[in-house]
2 protein chains.
Amino acid sequence: MANITFTFEDSSISPVCVGSRSGERLLDVARNAGVAIDAPCNGNGTCRKCKVSISGRDVLACNTLIPEGDLDVFIPAAAGAFKSDIRTADLSDPREQAIFEKTRADLSEFPAGELYTIETVTLELPSLDDPTNDLERLLDATAAEHIALSAIRQLPKALRENGGELPLLRTRNSILNIGNVTPLGIALDIGTTTVAMVLVNLTSGEILAKASAGNAQIRYGADVIHRIVEAERAGGLAALHTAIIEDTIKPLMRRLYEEAGVSGDTVYRFVVSGNTTMNHLFLNVPPDFIRLEPYTPAFNRLSAFNAADLGLDVHAHCRLIIAPNVGSYVGGDITAGTLASLLWKRSEGNALFADLGTNGELVFGNADFMFTCACSAGPALEGGDMSCGMRATVGAVDEVTIDAETLEPTFSVIGGTAPRGLCGSGIIDAIAELFRVGAIDGKGKFIKISPRITETDDIKSYVLAPGVEINEIDIDNFIRTKGAIFSAIRTMLNAVGFSVSDIDEVLIAGGIGSAINFANAVRVGMFPAIPLEKYRYVGNSSLSGAYAMLLSGKAAAKVDELARSMTYIELSTDPGYMEEFVAACFLPHTDAGLFG
Amino acid sequence: MANITFTFEDSSISPVCVGSRSGERLLDVARNAGVAIDAPCNGNGTCRKCKVSISGRDVLACNTLIPEGDLDVFIPAAAGAFKSDIRTADLSDPREQAIFEKTRADLSEFPAGELYTIETVTLELPSLDDPTNDLERLLDATAAEHIALSAIRQLPKALRENGGELPLLRTRNSILNIGNVTPLGIALDIGTTTVAMVLVNLTSGEILAKASAGNAQIRYGADVIHRIVEAERAGGLAALHTAIIEDTIKPLMRRLYEEAGVSGDTVYRFVVSGNTTMNHLFLNVPPDFIRLEPYTPAFNRLSAFNAADLGLDVHAHCRLIIAPNVGSYVGGDITAGTLASLLWKRSEGNALFADLGTNGELVFGNADFMFTCACSAGPALEGGDMSCGMRATVGAVDEVTIDAETLEPTFSVIGGTAPRGLCGSGIIDAIAELFRVGAIDGKGKFIKISPRITETDDIKSYVLAPGVEINEIDIDNFIRTKGAIFSAIRTMLNAVGFSVSDIDEVLIAGGIGSAINFANAVRVGMFPAIPLEKYRYVGNSSLSGAYAMLLSGKAAAKVDELARSMTYIELSTDPGYMEEFVAACFLPHTDAGLFG
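Please read these numbers as outputs of a predicted model, since none were measured by experiment.

Student: So, the overall build of chain A: which residues are in play, and what are the values?
Tutor: Counting secondary structure elements, chain A contains 15 helices and 27 strands. Its C-alpha atoms give chain A a radius of gyration of 26 Å, within 12% of the compact-globule value 25 Å for 596 residues. The principal-axis extent of the C-alpha atoms belonging to chain A is close to 95 × 70 × 50 Å. Every one of the 596 residues in chain A was classed for burial, and the buried ones make up 60%. Considering only contacts within chain A whose residues lie at least 6 apart along the sequence, 68% involve residues at least 24 apart.

Student: Outline unusual backbone geometry, listing residues and values.
Tutor: Cis geometry is adopted by the peptide bond preceding A:P588, which originates at A:L587 and carries an omega value of -15°. The residue B:S55 is not glycine, and still its phi comes out positive at about 50°. Along the chain, the position of B:S55 falls in the loop between strand 3 (51-54) and strand 4 (57-60). With relative accessibility at 76%, the residue B:S55 sits in the exposed group. At B:D458, a residue that is not glycine, the phi angle is positive and equals roughly 70°. Relative to the helices and strands, B:D458 resides in the loop between strand 22 (453-456) and strand 23 (459-465).

Student: How would you summarise the interface of chain B and chain A if you had to cite specific residues and measurements?
Tutor: With 40 residues of chain B at the interface, the matching set in chain A holds 39 residues. Taken together, the two surfaces of chain B and chain A that pack against each other cover about 3,300 Å², and 65% of this comes from carbon and sulfur. Inspection of the region where chain B meets chain A yields 2 salt bridges. Seen at the junction of chain B and chain A, the total is 13 residue pairs in polar contact (both at pLDDT 80 or more). Mapped by element, the contributors of at least two residues to the side of chain B that touches chain A are helix 4 (134-142), helix 5 (149-161) and strand 14 (305-306) of chain B. Counting residues per element, the side of chain B that touches chain A draws most heavily on helix 5 of chain B, at 7 residues. Its residues placed into classes, the side of chain B that touches chain A shows 20 nonpolar, 11 polar and 9 charged.

Student: So what about the packing of helix 6 (residues 224-232) of chain B against helix 7 (residues 236-260) of chain B? Which residues, and what values?
Tutor: All names here are of chain B. Helix 7 packs onto helix 6 with a crossing angle of 125° between their chain directions and a minimal axis gap of 5 Å. Judged by the angle between their axes, helix 6 and helix 7 are oblique. The segment helix 6 lies against helix 7, with R227, E230 and A231 engaging G236, L237 and L240. Residues that form the contact of helix 6 with helix 7 fall into these classes: 3 nonpolar, 1 polar and 2 charged.

Student: Let's hear about the pattern of salt bridges: which residues, and what values?
Tutor: Once the charged atoms of two side chains with opposite charge are near each other, the side chains can pair. Counted under the stated rule, the structure contains 48 salt bridges over all chains. Linking B:D134 and B:R160 is a salt bridge whose minimum nitrogen-to-oxygen distance equals 3.0 Å. One end of the pair, B:D134, is in helix 4; the other, B:R160, is in helix 5, and 26 residues separate them in sequence. Judged by its relative accessible area of 0%, B:D134 is buried. Ionic contacts of the salt-bridge type, sharing partners, join the residues A:R25, A:D28, A:E230 and A:R233 into one network.

Student: Outline the relation of the copies chain B and chain A, listing residues and values.
Tutor: Mapping chain B onto chain A calls for a screw motion: a turn of 180° about the axis and a shift of 0.0 Å along it, with 0.1 Å RMSD after fitting. One copy is carried onto the other by what is essentially a two-fold rotation axis. A shared interface surface links the copies, since 98% of the contact residues of chain B are contact residues in chain A too.

Student: Requested: an account of the environment of B:E408, with residues and values cited.
Tutor: Residues and elements named next belong to chain B. As for its position among the elements, E408 is in the loop between strand 19 (396-402) and strand 20 (409-413). Judged by relative accessible area, E408 falls into the partly exposed class, the value being 35%. Apart from residues no more than four positions distant in its own chain, E408 is found in contact with T401, I402, D403, R452 and Y462.

Student: Now, about helix 4 of chain B: what can you tell me, with residues and values included?
Tutor: Along helix 4 of chain B, the positions that sit buried rather than exposed are B:D134, B:L135, B:R137, B:L138, B:L139 and B:T142. Downstream of helix 4 of chain B by one or two residues, B:A143 has phi in the positive range, about 55°.

Student: Residues and numbers for the sheet that holds strand 1 (residues 2-8) of chain A, please.
Tutor: All names here are of chain A. Across the sheet, which stays open at both edges, the 5 strands sit in the order 2-1-5-3-4 with mixed pairing between neighbours. In this open sheet, the two strands that pair with only one neighbour each are strand 2 (16-20) and strand 4 (57-60). Adjacent strand axes in the sheet meet at a mean angle of 35°, parallel and antiparallel pairs treated alike. As paired strands, strand 1 and strand 5 (residues 71-75) are joined by 5 bridges and run parallel to one another. Bridged to T5 within strand 5 is D72.

Student: Residues and numbers for the environment of A:G483, please.
Tutor: Residues and elements named next belong to chain A. For G483, the position within the fold is in helix 11 (residues 472-495). Of the residues examined, G483 reaches a relative accessible area of 0% and is grouped as buried. A sequence separation of 99 residues divides G483 from V582, and the C-alpha atoms of the two residues are 7.5 Å apart. In contact with G483, not counting residues within four places along its chain, are F581 and A584.

Student: Explain the side chain of B:S487 to me, using residue names and the numbers behind them.
Tutor: Residues and elements named next belong to chain B. Structurally, the position occupied by S487 is in helix 11 (residues 472-495). The exposure class assigned to S487 is buried, which follows from its relative accessible area of 0%. At a separation of 2.6 Å, a polar atom in the side chain of S487 contacts the main-chain carbonyl oxygen of G483. Each residue touching S487, except ones within four places of it in the same chain, is listed here: Y577, E580, F581 and A584.

Rules behind the numbers
- For every chain, the first residue of its written sequence is number 1, and the numbers climb from 1 along that sequence.
- Here chains are named by letter from A upward and ligands by number from 1 upward, in the order in which they appear as written.
- Residues qualify for local features only when their pLDDT is at least 70, as the model is predicted, and side-chain atom pairs are given and counted only at 80 or more; totals for whole chains, interfaces and linings, by contrast, use all residues.
- To obtain the side-chain values, all non-hydrogen atoms of the structure were used and water was disregarded.
- Each helix is a run of DSSP H or I of at least 4 residues and each strand a run of E of at least 2, with the numbering of both proceeding from the N terminus.
- We compute the radius of gyration from the C-alpha atoms alone; for a globule the expected value is 2.2 Å times N to the 0.38, where N is the number of residues.
- Summary of the burial criterion: residues with accessible area below 20% of their type's maximum are buried, those above 50% are exposed, and those between are partly exposed, where the area comes from a 1.4 Å probe applied to protein chains only.
- Any pair of residues with heavy atoms lying within 4.5 Å of one another is described as a contacting pair.
- Values labelled buried area give the accessible surface lost by two parts on being combined, using a 1.4 Å probe and summing over both.
- Any carboxyl oxygen of Asp or Glu within 4 Å of a side-chain nitrogen of Lys or Arg constitutes a salt bridge here.
- Any pair of N or O atoms that falls within 3.5 Å is considered a polar contact. Within protein, one atom must be able to donate a hydrogen and the other to accept it, and sequence-neighbouring residues count only if both atoms are side-chain atoms.
- Polar here means any residue outside two lists: the nonpolar Ala, Val, Leu, Ile, Met, Phe, Trp, Tyr, Cys and Pro, and the charged Asp, Glu, Lys and Arg; Gly therefore counts as polar.
- Working convention: axes come from line fits to C-alpha atoms, limited for helices to the stretch in contact. Angles between N-to-C directions cover 0 to 180 degrees.
- Should an angle fall under 35 degrees it is called roughly parallel, over 145 degrees roughly antiparallel, and 65 to 115 degrees roughly perpendicular, with every other angle called oblique.
- The fit set for superposing copies consists of C-alpha atoms from residues with pLDDT of at least 70 in both; the fit itself is least squares.
- Pairing between two strands requires that DSSP report at least two bridges joining them.

Printed below as a string of structure tokens:
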């Protein structure tokens, strides 16, 4: 038994010392000791993010075995303990805000205030002639059937304090609280990479606070497949559940409560939209069979249950509603998002709704039919898996043009600060521009010489600004992402007897950013070459849909209906998909005729 | 600010040191410091049980104010921290057992096994042709609508382990568990003085373990009025709630789980029967208005809710059912007990059901009508408020005869041990015999000289055995108890136009003990002088009724129906009651003609 001591570049983290046997894998020892080391590839040796230092020598924690004797391990900040990284900026972006407000207006048929109402009833006080007990008196006057235990505790004194006048919070059947309280709700979008949350006044729909954060599970793998593999390991499921509940959601909730100056015991409704794997991990349900043929989730649709069962700091009667999944790779984020996209309202023509996160999911159809499928896009569009990537938040380059002669860039930065990295729309622009000006070829390799293009270890990079570079590995990652999306669109349409010319509207959702330039997205072959006016960015439709479900039981019922009416197309068993994918892994496409 | 140090005769309790201001009441300082001192009169200076020692001098904690300077307080074992005093003996008494078995047989129309069933379903495993998710597959096959979160977590792996064969625990609408588990339930009778609990197999009705204990609230007052007064003090309600949940019920549950070798997460149903005040304190609901005109409880009937809301160690979906109250002083113990008494089945003639605990409650009627009322009997029949009193458990004298010449007693002791005290039936016998042989007069004062009769401080005692005496204060307490009961019977019958001659059967329940001698109970004027064959002892009917409600939803519905059909008579506002009571406080009665 040797002692392993972890020290951290981040001086706010105290050293950790654990016992270990020689021959154990350093990454596993660290994880078991609660020392989080970033490993989005889940220890396969491919992402190289778990670089730590032993006696001044850099090693990958994932392929280092514990030697005989004691060991000091230094964790540099880059590989260090994942921080929940809570931000409010991206949700405050006025463009995102405008899109959200439009969605609210579009969904006005599902108004707030029907589920939870505040009313004042006046009861006769008990007398010797009518000594009816307090509760029966209240239930008779309100035609309610149930009452929360906490409200029974409030009832006797409140009844007599104001001569029988009782302000109360109720649903149609239940009394939830006695006294003046504003009922709150939380809508939560659990993305594989990013988690977003809003705290809402349930009677008015007003948003009291909002925030987003990285999903702390990312240290166990960047995509859902890596997470499922981790969940299959002993203790893995519990670790992933803890990462999302304790390290991501609870800190976000505390932040929102603090910002709004409220406490959890006034939160009565909680709606979650996430992909199928995220839903499983959130509930601590084994996701194993999602990734194994025949790709079967443990559940798609769940009845509401008590949020307190998950240990969340909310009222004991807070209902937790999970937006329903359609299948293994089309989850509640897509069903909730479809509600927000309004695709289901289109009576003529066909719309394509695409949510481009770490997974890409597509819905094609209209009021009469809906097909859906998924592809593994990877986190490139959300800033993951890219040396220069970041979310569409303050400091992110979101628009880029490059001069054809000098290769000098012109760009805009969210928040107007110095550039810290590129978000999805910035990456699309940068690569489209590099391709347009002939700096890179169809395979994404640099073919021009310029002071802006540097080379390290045989890998060339374009320097957008000091510290903000985009290299050939990044471009290759992006090409596989855009290839997966484009080939998924083609394969699904083909499978159900349609073609891209049948698309009358394209609704793009996800963390790419509101600055997305659709001309560039078509130029790189991510989206089909159809008239640009058909494209529209609809923001975080998963969160918008969850917000609608939070305020309205009818909206939640509508999402349930949408989930049941979608036909799931499994691309991975479609023999044409792999061929389409390989053909699409080129700028813009190996069949250049598609982009005439 | 002075330091008060509490040390304990019971060496297992560590000393406690707290700061205090001079002038505070010692009993309050002790309570606030978590030092439990027995004070059944709730600090009124009447019970004299809170005797503690300061510098070797005995004082009552309730009427001692903290002086200037530090203070050492010695708590003798007699006044010391209440111990939950868990016993299984009284419930194992073969006579009580026989009564319980008879009640079970009488209630066979409410069989076990309808609420919770164990079944095995066989599901087709998912395939590419039918990849329906696991949950939908299960709900379709079982026609269930809901599933416990814990069961969803079990489902994916269990489904595939045995080729689709799934053993499960369900109710009509819900799947509660996957795998082989025996569903358990708890029936709990919360008496003011004694708490009894049984752990039951919900499918077979088999009793796995049973135990009883003193109600730890007793240190805040012997009867419900004292408890309510305490609850009105700042922090009082929380202290009483803690006393019943943490100090009484949880230790009993742990004991039962240990004895049966089970864990709380297989307990799915929990039925509580208790008087109205006990129900309020159990749920932490202010009982204040129970004792104030117009005597209004916060609730009578409650829908079932989650037992886990009270922090009890049970399954997250364990339903908690409270037997309904009828009014402020007729609670769930009486409605559940009425079910067990079978009074509601009598199609001809009238029965009187009397539950004689710390409160005495009466139900008079038959299948067509029921009247009910309550009187404050005091805990004399359960061993409280008597220098020699104890519950009907091992060591209790439960039958006594006294030789008319020598005054020498002959007695039997439960368990055949040396006598430790007298239970209710023993007290009735002893006083009836002392009166029969002329040792005491109608006022309960000793009027004979004998070596068996001693005197201390002007108070005379009859020595039954070394350390087991019955004194004039005890007899006086008993006379008030039996007077309250007798006058309540007369007043209620009179109020509804009946007389004792209309009683065809008397069903006596409560902690008096199965050895009750009805001839003696009539001789002392506790019960009316009607033919003795009309009397029957029915044991702990509250617990029997709760047990029936535990096993059968129909039994629970029947109790609800009984509660709604009872007409509550408020004796305290009946002008004749006080007169009747005063007349009955004599052996056997001031109107000797009533006892022929």
